[in-house]
Amino acid sequence: MRRNDQRRAALVDAAIEVLARDGARGLTFRAVDTEAAVPVGTASNYFTSRHDLLTQAGARVYERLQPDEATIARQRAAGRDRETYAGLMRELVGRVASFRTGYLALLELRLEATRRPELREVLTERVRADVEANVAYHEASGLPGDATDVKLLYLALNWLIVEQLTLPDVFTEDERERLVTAVVERIVTAQ
C-alpha cells in the first residue's frame with residue numbers, strides 16, 4: 001500500500017463526498033479517483049478493499065468533527081451552568097451541521113453497517129468510544145447533569161442534526177438554536 005499521507009487523506013475526503021452524494025452503493029475506487037481528480041487506479045493503491053475505504057472514511061469524519069484546540073480551551077474556561085451548557089451544545093450542533101457531507105456519509109455508513117457485520121462492529125466500537133469520551137469529558141468538566149443526561153442529549157441532538165441535514169426547511173436556524181437550548185434545559189437537571 002502507498003504511504004503518501006496527504007494523498008491518502010485527499011482520497012478519504014473524496015470518499016466522504018461520494019458517500020454523501022451517491023450513498024454506500026456508489027462508493028467505488030473509480031468514483032473516489034474521479035472525485036479526487038487523480039488517475040484511475042490510484043485509490044486501489046491506497047486501500048486494501050472497499051471495506052478498508054469505508055472504515056477509513058468513517059474514521060476521517062470523526063477526525064474532522066473534533067473541535068479545535070481554541071474551541072476546547074474556550075469550553076474549559078466557560079461557566080458551569082445550564083446556560084453555558086446550552087451554548088456549548090448549540091456550538092456543537094452548528095459545527096456538525098456545517099460538515100454536511102461528513103454527517104451524511106456517517107448516515108450512509110450506518111445504513112451500510114446493517115448489511116455488513118464487520119462494518120457494524122467497527123462503527124459500534126467507534127460510536128461507543130465517542131459516547132464514553134463525551135461522558136468522561138462531561139464528568140471532568142464540572143458541567144451540570146450526569147452520564148444519562150449526556151447520552152440523552154447525544155440521542156436528541158443527533159436527530160435534530162439529521163433533520164437539519166436531510167430536510168433543512170423543517171426548522172429555521174433560529175428554531176434549531178431554540179430547540180437545542182430547550183433540550184438542554186429539559187434534560188439537564190439544575191444543580
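Residues numbered from 1 in each chain as written. Predicted model: local features only at pLDDT ≥ 70, side-chain atom pairs only at ≥ 80, totals over all residues. Heavy atoms only, no water.

Here's the deal with the nonpolar core
The condition that has to hold: The criterion is simple. A nonpolar core is a set of buried Ala, Val, Leu, Ile, Met, Phe, Trp, Tyr and Cys residues joined through side-chain atoms within 4.5 Å. To sort residues, take the accessible area from a 1.4 Å probe on protein chains only and compare it with the maximum for the residue type: under 20% means buried, over 50% means exposed, and anything in between is partly exposed. The contact definition used throughout considers only heavy atoms, calling two residues in contact when any of these lie within 4.5 Å.
By size, the foremost hydrophobic cluster in this structure holds 51 residues, and its most contacted members are L19, L27, V32, Y85 and M89. Among all residues touching L19, those that are not within four sequence positions of it are A24, L27, L54, A57, A105, E108 and L109.

So, helix α5 (residues 69-77)
To keep things clear, this is the line we draw: The helix and strand labels rest on DSSP assignments: H or I over at least four residues marks a helix, E over at least two residues marks a strand, and numbering proceeds from the N terminus. The directions considered for the arc run from the helix axis to the C-beta atoms.
Listing the buried residues of α5 in full gives T71, I72 and Q75. The buried residues of α5 occupy an angular sector of 100 degrees when projected down its axis, which confines them to one face. Residues of α5 that are exposed and point more than 90 degrees away from the buried face comprise E69, A70, R76 and A77. Residues of α5 that are buried in the fold lie against α6 (82-98) and α8 (117-141).

Regarding unusual backbone geometry
Residues other than glycine seldom take positive phi values, yet A37 does so here, at roughly 55 degrees. Secondary-structure assignment places A37 in the loop between α2 (29-36) and α3 (42-46).

A look at the pattern of salt bridges
For clarity, the cut-off: Salt-bridge detection follows one rule: a side-chain nitrogen of Lys or Arg within 4 Å of a carboxyl oxygen of Asp or Glu.
The tally for this structure, following the rule as stated, stands at eleven salt bridges. With a shortest N-O distance of 3.2 Å, R64 and D13 are connected by a salt bridge. Placement of R64 in helix α4 (residues 50-65) and of D13 in helix α1 (residues 5-22) is noted, with a sequence separation of 51 residues between them. A relative accessible area of 36% places R64 in the partly exposed class. A single network of salt bridges, built from pairs that share partners, joins D13, R60, E63 and R64.

Regarding α8
Helical geometry note: an α-helix holds 3.6 residues per turn, so side chains three or four residues apart project in the same direction. Stated formally: By definition here, a helix of n residues has an expected span of 1.5 Å times n minus one.
Counted at 1.5 Å a residue, the expected span for α8 with its 25 residues is 36 Å, and the 36 Å between its end C-alpha atoms agrees. All of the buried residues in α8 are L119, L123, V127, D130, V131, V135, H138 and S141. Its buried side turned inward, α8 meets α4, α6, α7 (100-113) and α9 (147-166). Positive backbone phi, at 85 degrees, marks G142, one or two positions downstream of α8.

Some thoughts on the confidence of the model for the chain
Detailed reading of the predicted coordinates is not advisable wherever pLDDT is low. Where we set the bar: pLDDT measures the predictor's confidence residue by residue and takes values from 0 up to 100.
With 98% of its residues at a pLDDT of 70 or more, the chain shows a mean pLDDT of 93. Taking the mean pLDDT of every element in the chain, the minimum, 89, falls on α5 and the maximum, 98, on α2.

Notes on the side chain of T181
Going by this rule: Counting of polar contacts relies on pairs of N or O atoms within 3.5 Å, with two restrictions inside protein: one atom must be capable of donating a hydrogen and the other of accepting it, and residues adjacent in sequence are counted only when both atoms are side-chain atoms.
By the secondary structure assignment, T181 is in helix α10 (residues 173-187). One polar contact links the side chain of T181 to the main-chain carbonyl oxygen of E177, over a distance of 3.1 Å. Discounting chain neighbours no more than four positions away, the residues touching T181 are A86 and R90.

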